[in-house]
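Understanding the architecture of this molecule
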Amino acid sequence: MQPAPSVIIFSTLSGAGFGLLFFLGIGFPVVSGGVAFVFYLIAFGLAVGGLLASVFHLGNKKNAWKSFSQWRTSWLSREGWFAVVGLLVMGLYAFLQVFFDTTVFTLGFTGAALSLATVFATSMIYAQLRTIPRWNQPATPGFFLSASLAGGALLSGNVTTAVIFLIILGAITVFHWWKGDQRFAEAGSTIETATQLKGRVSLWEKPHTGQNYLTHEMIFHVARKHAVKLRVIAILAMSVVPVVLLVLFPVHHVLAAIAVLSYLAGVFVQRWLFFAEAEHVVGLYYGAHARA
Amino acid sequence: MTALPATTARKLGLVIDLDTCVGCHACVTACKGWNTQNYGAPLSDQDAYGDASGTFLNRIHSFQVQPEPVNDVPQLAQTTHFPKSCLHCEDAPCVTVCPTGASYKRAEDGIVLVNEDACMGCGLCAWACPYGAREMDQAAGVMKKCTLCVDRIYNENLEEIDRQPACVRTCPAGARHFGDLADPDSHVSKLVAERGGLDLMPEQGTKPVNQYLPPRPRDTIQPVMSGDEDILAPFLAPVAEEPKGFLAWVDRALEKL
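Residues numbered from 1 in each chain as written. Chains lettered and ligands numbered in written order. Predicted model: local features only at pLDDT ≥ 70, side-chain atom pairs only at ≥ 80, totals over all residues. Heavy atoms only, no water.

- Naming follows an unreviewed UniProt entry, where chain B appears as Fe-S-cluster-containing dehydrogenase component of Jannaschia helgolandensis.

- As recorded in an unreviewed UniProt entry, chain A goes by DMSO reductase anchor subunit and comes from Jannaschia helgolandensis.

**Digging into the overall build of chain B**
- When helices and strands are tallied, chain B shows eight helices and 11 strands.
- A compact globule built from 257 residues would reach a C-alpha radius of gyration of about 18 Å, whereas chain B, at 26 Å, exceeds it by more than 25%.
- With respect to the three principal axes, the spread of C-alpha positions in chain B is 90 × 50 × 40 Å.
- For chain B, the residues scored as buried account for 47% of the 257 residues in total.
- Of all intrachain contacts in chain B linking residues separated by at least 6 positions in sequence, the fraction that spans at least 24 positions is 60%.
- Split by element, the accessible area of chain B, about 13,200 Å² in all, is 55% carbon and sulfur.
- Averaging the locations of the 22 positively and 34 negatively charged side chains of chain B gives two centres separated by 3 Å. (Helix = DSSP H or I, 4+ residues; strand = E, 2+ residues; numbered from the N terminus. Rg over C-alpha atoms; globule rule 2.2 N^0.38 Å. Buried < 20%, exposed > 50% of the residue type's maximum accessible area, 1.4 Å probe, protein only. Contact = heavy atoms within 4.5 Å. Areas by Shrake-Rupley, 256 points an atom, 1.4 Å probe, with all protein chains shown as cover. Lys, Arg positive; Asp, Glu negative; His and termini not counted. Charge placed at Lys NZ, Arg CZ, Asp CG, Glu CD.)

**A few points about the overall build of chain A**
- Looking only at helices and strands, chain A has 10 helices and one strand in total.
- Mapped from its N terminus to its C terminus, chain A presents α and β elements in the order α-α-α-α-α-α-α-β-α-α-α.
- A compact globule built from 292 residues should have a C-alpha radius of gyration of about 19 Å, and chain A, at 21 Å, falls within 12% of that.
- Expressed along its principal axes, the backbone C-alpha trace of chain A runs to roughly 70 × 45 × 30 Å.
- Looking at chain A as a whole, 57% of its 292 residues are labelled buried.

**Concerning the pairing of strand β10 (residues 176-180) of chain B**
Residues and elements named next belong to chain B.
- Across the five residues that make up β10, a large majority, five, are buried.
- Pairing geometry for strand β1 (residues 12-17) and β10, over five bridges, is antiparallel. Within the sheet, the bridge partner assigned to I16 lies in β10 and is R176. (Pairing = 2+ DSSP bridges.)

**Some details on the sheet that holds strand β1 (residues 200-205) of chain A**
- Taken together, three strands build an open sheet; the order of strands is β1(A)-β4(B)-β5(B) and the sheet is antiparallel. The open sheet terminates on both sides in strands that have one partner only, identified here as β1 of chain A together with β5 (78-85) of chain B. The mean inter-strand angle of the sheet, taken between neighbouring strand axes irrespective of direction, is 35°.
- Pairing of β1(A) with strand β4 (residues 58-66) of chain B involves five bridges; the strand directions are antiparallel. Looking across to β4(B), one finds that R200(A) is bridged to Q66(B). (Axes fitted to C-alpha atoms, helices over the stretch in contact; angles between N-to-C directions.)

**Examining the nonpolar core**
- Counting residues in each nonpolar core, the largest one holds 139 residues, and the members touching the most others are Y40(A), W135(A), M218(A), Y263(A), F275(A), Y285(A) and W127(B).
- Per element, the largest residue contribution to this core is 11 residues, and it comes from helix α1 (residues 5-25) of chain A.
- Setting aside chain neighbours within four positions, we find W127(B) in contact with M1(A), Y126(A), L129(A), T131(A), W135(A), E217(A), M218(A), F275(A) and H280(A).
- Core analysis: the second largest hydrophobic core is formed by seven residues, V15(B), V188(B), L191(B) and V209(B) among them. (Core = buried A, V, L, I, M, F, W, Y, C linked by side-chain atoms within 4.5 Å.)

**A short note on the environment of Q164(B)**
Residue and element names in this part refer to chain B.
- With respect to the element layout, Q164 can be found in the loop between α4 (150-153) and α5 (166-170).
- The spacing of Q164 and R152 is 12 residues in sequence and 6.1 Å in space, taken between C-alpha atoms.
- Among all residues touching Q164, those that are not within four sequence positions of it are R152, I153, R169 and F178.

**A few points about the interface of chain A and chain B**
- With 59 residues of chain A at the interface, the matching set in chain B holds 62 residues.
- Interface area, chain A with chain B, both sides summed: about 4,600 Å², of which 60% is carbon and sulfur.
- Linking chain A with chain B are zero salt bridges, by the criterion used here.
- Taken together, the links from chain A to chain B amount to 25 residue pairs in polar contact (both at pLDDT 80 or more).
- Of all the elements in the fold, those that place two or more residues in the side of chain A that touches chain B are α3 (75-100), α4 (105-127), α7 (191-195), β1 and α8 (213-218) of chain A.
- Looking at the side of chain A that touches chain B, its residues break down into 26 nonpolar, 24 polar and nine charged. (Buried area = accessible area lost by both parts, 1.4 Å probe. Salt bridge = Lys/Arg side-chain N within 4 Å of Asp/Glu carboxyl O. Polar contact = N/O pair within 3.5 Å; in protein donor to acceptor, adjacent residues only side chain to side chain. Nonpolar A, V, L, I, M, F, W, Y, C, P; charged D, E, K, R; others polar.)

**Concerning the sheet that holds strand β11 (residues 211-213) of chain B**
Residue and element names in this part refer to chain B.
- If you walk across this open sheet you meet the three strands as β10-β1-β11, and the pairing is mixed. Each of the sheet's edge strands pairs with one partner strand only, and the pair in question is β10 and β11. Strand-to-strand twist across the sheet, computed as the mean angle between neighbouring axes with direction ignored, equals 25°.
- Across the sheet, helix α6 (residues 187-195) touches β1, β10 and β11, and the angle it forms with β10 is around 115°.

**Structural notes on the side chain of S11(A)**
Residues and elements named next belong to chain A.
- Mapping S11 onto the fold places it in helix α1.
- Among the residues examined, S11 registers a relative accessible area of 4% and is labelled buried.
- Not counting residues within four places of it along the chain, the set of residues in contact with S11 comprises F144 and R271.

**A closer look at the packing of α1(A) against α4(A)**
All names here are of chain A.
- Axis separation between α1 and α4 bottoms out at 8 Å; the angle between their running directions is 155°. On the basis of their axis angle, the class for α1 and α4 is roughly antiparallel. Here α1 and α4 pass one another in a crossing that is left-handed. Of the residues in α4, those in contact with V7, F10, G15, F18, L21, F22 and G25 of α1 are F105, G108, F109, A112, S115, L116, T118, V119, T122 and Y126.
- By residue class, the composition of the contact of α1 with α4 is 11 nonpolar, six polar and no charged. (Parallel < 35°, antiparallel > 145°, perpendicular 65-115°, else oblique. Left-handed = near helix turned anticlockwise from the far one by under 90°.)

**Notes on unusual backbone geometry**
- For the bond running from F28(A) to P29(A), omega is 0°, close enough to zero to count as cis.
- Counting through the fold element by element, P29(A) comes out in the loop between α1 and α2 (33-55).
- Backbone geometry at D72(B) places phi at a positive 65°, although glycine is not the residue there.
- In this fold, D72(B) is placed in the loop between β4 and β5.
- Since its relative accessible area comes to 75%, D72(B) is described here as exposed.
- If you check the backbone angles, M201(B) has positive phi at about 40° while not being a glycine.

**Details of the packing of aromatic side chains**
Residues and elements named next belong to chain A.
- All chains considered together, the criterion is met by 25 aromatic pairs over all chains.
- Their ring planes at 45° and their centres at 5.8 Å tell us that F175 and W178 sit as a pair that is tilted. Placement of both F175 and W178 in helix α6 (residues 159-187) is noted, with a separation of three residues, approximately one turn of the helix.
- Above the face of the F144 ring, R271 is positioned so that its terminal group lies 4.2 Å from the ring centre. (Phe/Tyr/Trp six-rings, centres within 6.5 Å; stacked < 30°, edge-to-face > 60°. Lys NZ or Arg CZ within 6 Å of the ring centre and 35° of its normal.)

**Thoughts on the UniProt feature "transmembrane region" (unreviewed entry) in chain A**
Residue and element names in this part refer to chain A.
- In this structure's numbering, the residues bearing the UniProt feature "transmembrane region" (unreviewed entry) are residues 7-31, 37-59, 80-100, 106-127, 139-156, 162-178, 228-249 and 255-274.
- Across residues 139-156, the secondary structure splits into 94% helix and 0% strand, with the terminal C-alpha atoms separated by 25 Å.
- Secondary structure within residues 255-274 divides into 100% helix and 0% strand; the distance between the first and last C-alpha atoms comes to 28 Å. (UniProt positions renumbered as here; feature names shortened; annotations may be inferred.)

This is the structure:
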């Protein structure tokens, strides 16, 4: 799949933002006044900024509001509802903390649950697609949620929790890569099932000499040797470096900032790979994914 | 709502005969011609005289099929031309993922359509389709797909003979057939029963309505004649099996080097 920068930025930043809102919502930490203002500025900046970035990849932005209508069937629609209601609830919770030094946990817990639900809905947009076997596995929601919780714990200063979630994130991500490499074969789609022709089938002539929307969007090839290097970079930056910094050194603002930046860089690389390595079955009609 | 109808009264669709298709792309041209100037946004092209790309609702792929050896005798590869457009699936995954309600499957005839006035161009339906049947128009920013020429098949302003999809009407080989696949007595259902119509990618669970008729088995070639029955055979025998004279000497000399 084509790794569109807008969607990668969206899922990385908003994931961390909603993770931070989750921890603020459940009261770890309970904040008020100026400190609360800075925390919520970061959280809403990341969450809303990410959501805005995702609007940029729409072909027809004026109809974006209609995406709230199909919550009964569409994960993308549910994501919209969870995000907007979650941000409104957390907005009210934040307003009371910042200006009235009042913490209403009913609001906080509701907002925290909606924040996590948003991240889960985002992950299900990808995990539901049978056409992309690498995404169509339970570990997909697993790493979206663990990435969000790790980022949230890191940003909210819950050091021990952050270390635990960063380790879980690393483990789930490695599992997702390992399982993902087998998923296309497990799904069982081949050029023979795609064409229903008997014998050894290969593409003889494409429908057209140039590219089209499908080949551009869904048949993106990443060099395998780069993929392995990028996986190593992702796991080091996203999980190993922040854990080492948090465990080996005393807690300090500069150190925490380095850990957060390393985490974000790692998640960017991991999300890029999430798209770049995903093989869509339609590629079979274009001669992609040929067996050796 | 983008929920799928539990059942549809009819299942209008295409039956495509892979034995008959000659790969002329007439259906591609007819489809683009009709659909770029009728329902919805036109089917735009980008950089048509350079690095061209554009929106098509129907495309022809061509595959080479290498049959397995028969009695250890290698078989020649065959070419199959493979037209592909929306299969109007019963369990259409493109419909349920749509967040705006723009994608829908009609309960009355099973046609899968996009209401372009509600489409926000997120492209998720195209991701959900295993067949590559949906393409986002790069000029209009909305999703385009085969409408089964819904603006022809019910159009009483057209002659009755023209009330079928443009691709079917134009096919010079008669490789495309249009009809109701829910009716066991329709000509398309009979074709499917007679020729063993097949679902594409059944493992994706989409239950496509469109059916593909596989290429017929190849004719068996007559056994080679032994010679006795053919009075001309002696004249076709090789004239000289071994070289003679000067050439034979050259041959022997070169062998000894």
